[in-house]
Amino acid sequence: MQKRERVILYSDLNNFFASVEIALDPSLAGKPLIVCGDPKERHGIVLAKNEEAKRYGIKTAETVYSALRKCPDLQMVKEHFHEYRRYSKKVVEIYGRYTDCIEECSIDECALDMTESTALFGSGVEIAEKLRSSVKEELGLTVSVGVSFNKVFAKLASELKKPDAVTEITRENYREKVWRLPVSELLFVGKSTAETLHKIGVRTIGELANADEELLIRLLGKRGRQLRIYARGEDDAPVKGVKEKEDLKSIGNSTTLPKDITDREEIKRWFYALSESVAARQRKADVGRASTVHIVVRNEKLQDTTCQKKVSPTSLCGDIAKAAYELYCEHFPFGTRVRMLGVTVSGFDYHIQQMSLDNLLSDGIAYEKKERAENAVAKLREKYGYTALQRGVVLEDGRVNGLDIRGKKEETFSKQENTKDEE
Ligand SMILES: [Mg+2]
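Residues numbered from 1 in each chain as written. Predicted model: local features only at pLDDT ≥ 70, side-chain atom pairs only at ≥ 80, totals over all residues. Heavy atoms only, no water.

## Observations regarding the nonpolar core
- Formed by 36 residues in total, the largest nonpolar core has its most connected members in Leu-9, Phe-16, Tyr-95 and Leu-141.
- Among the elements of the structure, strand E1 (8-13), helix H1 (16-24), strand E2 (33-36), strand E3 (46-49), helix H4 (81-95), strand E6 (109-113), helix H6 (124-139) and strand E7 (143-148) are those that each provide at least two residues to this core.
- The dominant element in this core, judged by the number of residues it contributes, is H4, at seven residues.
- Here Tyr-95 is in contact with Ser-11, Ile-102, Cys-110, Leu-112, Leu-131, Val-135 and Val-143, once residues within four sequence places are set aside.
- Listed in part, the 32 residues of the second largest apolar core include Ala-290, Ile-295, Leu-327 and Phe-348. (Core = buried A, V, L, I, M, F, W, Y, C linked by side-chain atoms within 4.5 Å. Buried < 20%, exposed > 50% of the residue type's maximum accessible area, 1.4 Å probe, protein only. Helix = DSSP H or I, 4+ residues; strand = E, 2+ residues; numbered from the N terminus. Contact = heavy atoms within 4.5 Å.)

## Some points on unusual backbone geometry
- In this structure, the amide linkage connecting Lys-162 to the following residue, Pro-163, adopts the cis form with an omega of -15 degrees.
- Counting through the fold element by element, Pro-163 comes out in the loop between helix H7 (151-160) and strand E8 (165-168).
- Phi is positive for Ala-61, which is not a glycine, with a value near 85 degrees.
- On the secondary structure map, Ala-61 appears in the loop between helix H2 (51-55) and helix H3 (64-70).
- The class of Ala-61 is buried, set by a relative accessible area of 12%.

## Some thoughts on the confidence of the model for the protein
- Looking at the protein, pLDDT values average 83 and 80% of them are 70 or higher.
- In the predicted structure, residues 353-368 sits below a pLDDT of 50 and forms 23 contacts with residues beyond four places in sequence or in another chain.
- A low-confidence stretch, residues 385-423 stays under pLDDT 50, and its non-local contacts, those more than four residues away or across chains, total 73 contacts. (pLDDT = per-residue confidence, 0-100.)

## Quick word on the coordination of the magnesium ion
- Note on the magnesium ion: its protein donors are Asp-12 (OD), Leu-13 (O) and Asp-108 (OD). The metal-donor distances range over 2.1 to 2.3 Å.
- Donor residues for the magnesium ion, ordered by position in the chain, follow D-L-x94-D. One end of the pair, Asp-12, is in strand E1; the other, Asp-108, is in the loop between strand E5 (102-106) and E6, and 96 residues separate them in sequence. There is no split in this pair, since Asp-12 and Asp-108 are both buried. (Donors = N, O, S within 2.8 Å, 3.2 Å for Na, K, Ca; no water.)

## Section: empty space enclosed by the protein
- Following the criterion strictly, the structure yields two cavities of 30 Å³ or more and no others.
- If you add up the space inside the second largest cavity, you get close to 40 Å³.
- Every residue lining the second largest cavity is listed: Ser-11, Leu-13, Ser-88, Val-91, Val-92, Tyr-95, Ser-106, Ile-107, Asp-108, Glu-109 and Cys-110.
- Listing elements by their share of the lining of the second largest cavity, those giving two or more residues are E1, H4 and E6.
- For the lining of the second largest cavity, the class distribution of residues is six nonpolar, three polar and two charged. (1 Å grid on protein atoms, 1.4 Å probe; cavity = no way out; pocket = protein on both sides within 12 Å on 5 of 7 lines; lining within 4 Å. Points joined across faces, edges and corners; volume = space filled by probe spheres on them. Nonpolar A, V, L, I, M, F, W, Y, C, P; charged D, E, K, R; others polar.)

## Some remarks on the environment of Phe-334
- On the secondary structure map, Phe-334 appears in the loop between helix H14 (317-331) and strand E12 (338-346).
- Taking the C-alpha atoms as reference, Phe-334 lies 7.5 Å from Thr-262; in sequence the two are 72 residues apart.

## Brief notes about the pattern of salt bridges
- Scanning the entire structure with this criterion turns up 27 salt bridges.
- Between Glu-83 and Arg-86 there is a salt bridge, and its shortest N-O distance comes to 2.7 Å. Pair noted here: Glu-83 and Arg-86 are both in helix H4, with a separation of three residues, about one helical turn.
- By relative accessible area, Glu-83 is classed as partly exposed at 24%.
- When the shortest N-O distance is used, the salt bridge between Lys-268 and Glu-265 registers 3.1 Å. Of this pair, Lys-268 and Glu-265 both sit in helix H13 (residues 264-285), three residues apart, roughly one helical turn.
- The exposure class of Glu-265 is partly exposed, given its relative accessible area of 34%.
- Salt bridges linked by common partners bring Glu-129, Arg-132, Lys-136 and Asp-164 together as one network. (Salt bridge = Lys/Arg side-chain N within 4 Å of Asp/Glu carboxyl O.)

## A look at the sheet that holds E1
- Spatial strand order, E5-E6-E1-E7-E8: five strands in an open sheet with mixed pairing. Only two strands of the sheet have a single partner each, and these edge strands are E5 and E8. Each strand of the sheet is rotated relative to its neighbour by a mean of 20 degrees, with strand direction disregarded.
- As judged from the five bridges shared by E1 and E6, these two strands associate in the antiparallel manner. Opposite Leu-9, over in E6, you have Leu-112 as the bridge partner. (Pairing = 2+ DSSP bridges. Axes fitted to C-alpha atoms, helices over the stretch in contact; angles between N-to-C directions.)

## Here we look at the sheet that holds strand E4 (residues 75-78)
- Strands sit in the order E3-E2-E4 across an open sheet of three strands; the sheet is mixed. Both edges of this open sheet fall to E3 and E4, since each of them pairs with a single strand only. Direction aside, the axes of adjacent strands within the sheet are offset by 30 degrees on average.
- Looking at chain direction, E2 and E3 are connected through three bridges and run antiparallel. Among the inter-strand pairings, Ile-34 is bridged to a residue of E3, identified as Lys-49.
- Set on the sheet, H1 makes contact with E2, E3 and E4; between it and E2 the angle comes to about 110 degrees.

Following this line, the structure appears as structure tokens:
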């Protein structure tokens, strides 16, 4: 019995961040625009740009300073990650009218399985056109939609024509449409993989599809086989229906101290120890960066006090601990007897930032990331001295401020709470 051909759509919102900014403030339309961390900070980097800014040769990840040199009249806006997330949800709601099988690949990209929907709503291309026009009319955003019989080709199709377009790759036309493209256009073929393939004379996706399987495996391992499968249009990965990631709203960690503590240096160290595990779990949960740090402090009368502050989005222990300690110093007088301490982060951006950075694959960004890490370390050294830099080993060697907590790890670090988004 012949298997039914799947109908997969892949949607990619065009210039997403910049488009949301324009949807929010239409007076920005029609003129070159960039979205950046802080418009006043000339060393800040361009996170996103609109079509008009692209025409000036402005690239994502370059510095604001260099962008301004290319276009002195450039409009600059600060990023609004919560708005991007809100818009992203609205877009997914529109897709949800046509299928339940939606895989959110990133904030602005989704894979959609429409196989079952065609009976009700028409062909893949017809549904794609409906999505495209609804997103445009209802939200003022444009989207490029690829239609194909598997995810890899659907994604590729979405990239072939931008913005505001629908492109189909079929069993009949993929050799003609896909195989002539450079191999680097294929999903998961990065710069170094492409270079490796070039060495054996594989420059196009078609050449990859027809390359010797054994040779590819020798060259790239299992991945070599997988890439060949993709190139041949044989990818059969399903669209992962329900969003599998946990929708976490906050991540926290608290500990009852072995004895009441008044010394601020000691309290600082506990904040580092707690923040270390909060940051690690935050990164593991893959929720992006947090914009709010909360602390809870229990005194010797068992009264709990909580306070919070906004921070620039972070997933770094150093930033979290620093904010926690600052909060403490702002709200608690010297001599406060502390029995329990907790640190919680919330307001995740769900990697909007990370995603925009990952898309770049540029050395500039790698540098920017490293620089940020370096700066964090330098600042810590400046502010807290050498001990702060040992935070990484605080838990590993089981000692915090001379106290062996190894045996008590379960107990002291057991109160780890994740709260889920209620929406
Ligand atoms: Mg996009």
